[in-house]
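What follows is the residue order along each chain.
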Amino acid sequence: MKWTINGRSYEAEVDVRTTLLDLAREHLGLTGSKKGCDHGQCGACTMLVGGRRINACLSLAVMHQDDEIVTIEGLGQPGNLHPLQDAFVRHDGYQCGYCTPGQICSAVGMLDEVKKGWPSHVSADLTEVALDDAEIGERMSGNLCRCAAYPNIVDAIREVAGVDDREPVLETAREIGA
Amino acid sequence: MKLFTYERAASADAAVAEGAAPGTKFIAGGTNLLDLMKLQIETPERLVDISRLPLNTIDEREDGGLTIGALVPNSDLAADPRVIERYEVLSRALLAGASGQLRNKASTGGNLLQRTRCYYFYDTAMPCNKRAPGSGCSAIDGYNRILAVLGTSDKCIATHPSDMAVAMRALDATVVTQKADGDRRRIAIGDLYRLPGDTPEVETVLEPGELITAIELPVPVEGARHLYRKVRDRASYAFALVSVAGVVTMDGDTVASAALAFGGLGPMPWRDPAVEAAIVGKPASDASFAAAADALLANAKGFGSNDFKIPLARRTLIASLRELTGV
Ligand SMILES: Cc1cc2nc3c(=O)[nH]c(=O)nc-3n(C[C@H](O)[C@H](O)[C@H](O)COP(=O)(O)OP(=O)(O)OC[C@H]3O[C@@H](n4cnc5c(N)ncnc54)[C@H](O)[C@@H]3O)c2cc1C
Ligand code: SF4
Ligand code: FES
Ligand code: FES
């Protein structure tokens, strides 16, 4: 079987039962995506497939051979962080970090959904979308954080979304050695 | 997960030709089926992948209604400007369900056919008539907080968990299918699901290998107010304890028409003409709303830990009617 992940082609022989998450972690060495629940309940496994955020634990690898798949490794690397990775570091948007790759991939997908004008459960008017903390909370509810870093996760996303008028916490992640 | 063989259907015709063989299941988004396969609650021998079939568009019909392809993802359906404008209750119900990630994968057809979240259905160590027919129902005398108070039988008290289906029921949607022999049929959503009776393992009228190809929404009700109110244990990413989908039109202070459907209460998205009859043609008032609640819950039966759903349904319905009518 063949996949395109983070712009690179991969080939592997795997059992037909293999999920996209297990493919990445166990067969391709892409261990950034995490397995929290394996049942769609936590969001730790979130990847972008065709630009859309999905739960990789509830996806069969065999079904996604024609898709463009992006994992946390493809968003940015040390020294070349994605703006959301950078913001999570500066805002301390984690404690143990286990949920973080999923949070960041989810936030990338979520901000794209906002750009497309998709409403959410808390949008008073479904035709006018304005991102605020309640919207960020609702739209990110598919990503649980056992360390409850939620306030700082929301801060990081709010800053990258450009809806934050407060001073940045730190200029760049590099200042604190990230 | 039990081993299975996998094939991707090249067309709907090919899918139905394959789908009727024993042990075969269609897979669309996979968000319910794979969850259940991991737990060996579902153990198909063969998966027919229908996710790439060209049933993923939302089209306007000449009569003014909308036809939704069975593979349209829940997120795309919720965000469709025509759905938001004409069938807001459907957008609201979809947005109240699951998470952003799940809605991106979940399909319209798969959502209708998702299975119950009964704790014992999920626990293969426990008897469950739905999972293992004849083994008994652990929920009736067990922990049944999330289970049904309407339409139950002494074999099963499971609820249907979908939010979307509740809105579809209020909208009088029609399910369009293709059968194994190629024949098509149209099933009113009210006729799609079956009560548990003695065979809770049989949940719908669909035949083996019958493929849902589309869901049709009728011409929208002009000037209607729409509402989907969902009561749950946390504010997001949780199934409904009780939900109400409502489409109501007013003539001054009088309720001119009402379509009301309920989630979390029964084995199918619940609708009862007596509820609507209690308010239609009458001035909107708490007295008629109370009569509607009486009608809804006349035969309601709690099983202990879900007793609270009866007063909760009553209050949720009355609050919803106040909002829908402006009283
Ligand atoms: C953590 C979690 C939380 C959730 N919360 C909610 C919630 O709050 N509200 C809610 O409504 N839902 C909720 N869901 C359920 C979710 O909406 C369903 O899993 C989803 O809609 C199923 O769609 P699918 O395309 O993934 O179906 P699949 O898993 O692919 O299929 C489900 C079933 O339908 C059959 N099937 C699929 N498509 C067709 C077709 N076209 N014709 C015939 N048969 C077909 C399959 O064979 C299978 O039996 C939640 C799910 C999870 C995992
Ligand atoms: S309520 Fe239905 S699904 Fe739950 S244990 Fe009883 S038979 Fe099984
Ligand atoms: S590991 Fe996929 S949602 Fe938890
Ligand atoms: S940082 Fe530990 S789970 Fe989120």
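Residues numbered from 1 in each chain as written. Chains lettered and ligands numbered in written order. Predicted model: local features only at pLDDT ≥ 70, side-chain atom pairs only at ≥ 80, totals over all residues. Heavy atoms only, no water.

Residues and elements named next belong to chain B. With respect to topology, three strands assemble into an open sheet ordered β1-β3-β2, the strand pairing being parallel. Since the sheet does not close on itself, it has two edges, and those belong to β1 (5-8) and β2 (24-27), each with one partner. Between one strand and the next, the sheet's axes are offset by a mean angle of 25°, whatever the strand orientation. Relative to strand β3 (residues 46-49), β1 is paired through four bridges, and the arrangement is parallel. Bridge pairing in β3 places R8 opposite D49. This element, helix α1 (residues 12-19), spans β1, β2 and β3 of the sheet and lies at about 150° to β2. (Pairing = 2+ DSSP bridges. Helix = DSSP H or I, 4+ residues; strand = E, 2+ residues; numbered from the N terminus. Axes fitted to C-alpha atoms, helices over the stretch in contact; angles between N-to-C directions. Contact = heavy atoms within 4.5 Å.)

Now for the packing of aromatic side chains. All names here are of chain B. Counted under the stated rule, the structure contains three aromatic pairs over all chains. Pairing F121 with Y122 gives two aromatic rings, centres 6.1 Å apart and planes at 80°, and the pair type is edge-to-face. Each member of the pair F121 and Y122 is classed as buried. Three or more aromatic residues link up through ring pairs in this structure, and these residues are Y119, Y120 and Y143. (Phe/Tyr/Trp six-rings, centres within 6.5 Å; stacked < 30°, edge-to-face > 60°. Buried < 20%, exposed > 50% of the residue type's maximum accessible area, 1.4 Å probe, protein only.)

Glancing now at α1(B). Residues and elements named next belong to chain B. Those residues of α1 that fall on the buried side of the exposure criterion are A12, A15, V16 and G19. In a view along the axis of α1, the buried residues occupy a sector of 90°, so they form one face of it. Every exposed residue of α1 that faces more than 90 degrees away from the buried side is listed here: D13 and A17. Packing partners of the buried residues in α1 comprise β2, β3, β6 (174-178) and β8 (211-217). (Arc of directions from axis to C-beta.)

Residues and elements named next belong to chain A. By domain assignment, chain A separates into domain 1 (2-75) and domain 2 (83-176). Each side of the interface is counted separately: domain 1 has 16 residues, and domain 2 has 18 residues. On the surface where domain 1 and domain 2 come into contact, there are seven residue pairs in polar contact (both at pLDDT 80 or more). Those elements that provide at least two residues to the side of domain 1 that touches domain 2 are β3 (46-49), β4 (52-55) and α2 (72-75). Class assignment of the residues belonging to the side of domain 1 that touches domain 2 gives a composition of five nonpolar, seven polar and four charged. (Domains from an automatic or database assignment. Polar contact = N/O pair within 3.5 Å; in protein donor to acceptor, adjacent residues only side chain to side chain. Nonpolar A, V, L, I, M, F, W, Y, C, P; charged D, E, K, R; others polar.)

Turning our eyes to something else, we now look at helix α5 (residues 88-95) of chain B. Along α5(B), seven of the eight residues are buried, which leaves the element largely enclosed by surrounding structure. All of the buried residues in α5(B) are V89(B), L90(B), S91(B), R92(B), A93(B), L94(B) and L95(B).

Below, the discussion takes up the pattern of salt bridges. Residues and elements named next belong to chain A. A complete count under the given rule lists 38 salt bridges over all chains for this structure. As a salt-bridge pair, K35 and D22 come within 3.0 Å of each other at their nearest N and O atoms. With K35 in the loop between α1 (20-27) and β3 and D22 in helix α1, this pair connects stretches of sequence that are 13 residues apart. Given a relative accessible area of 30%, K35 falls into the partly exposed group. By relative accessible area, D22 is classed as buried at 18%. (Salt bridge = Lys/Arg side-chain N within 4 Å of Asp/Glu carboxyl O.)

Further remarks concern the environment of S138(B). Residues and elements named next belong to chain B. Position of S138 relative to the elements: it lies in the loop between α8 (119-122) and α9 (164-170). We classify S138 as buried; its relative accessible area is 15%. Considering only alpha carbons, one finds S138 and C118, 20 residues apart in sequence, at a separation of 9.8 Å. Discounting chain neighbours no more than four positions away, the residues touching S138 are Y120, M126 and P127.

On to the interface of chain A and chain B. Taken residue by residue, the interface counts 40 residues in chain A and 41 residues in chain B. At the boundary of chain A and chain B, one finds four salt bridges. K38(B) is paired through a salt bridge with D38(A); the nearest N and O atoms lie 2.9 Å apart. Where chain A packs against chain B, one counts 25 residue pairs in polar contact (both at pLDDT 80 or more). Mapped onto the side of chain A that touches chain B, the elements with two or more residues apiece are β4 and α4 (100-115) of chain A. Ranked by residues supplied to the side of chain A that touches chain B, first place goes to β4(A) with four residues. Among the residues making up the side of chain A that touches chain B, the classes are represented as 13 nonpolar, 17 polar and ten charged.

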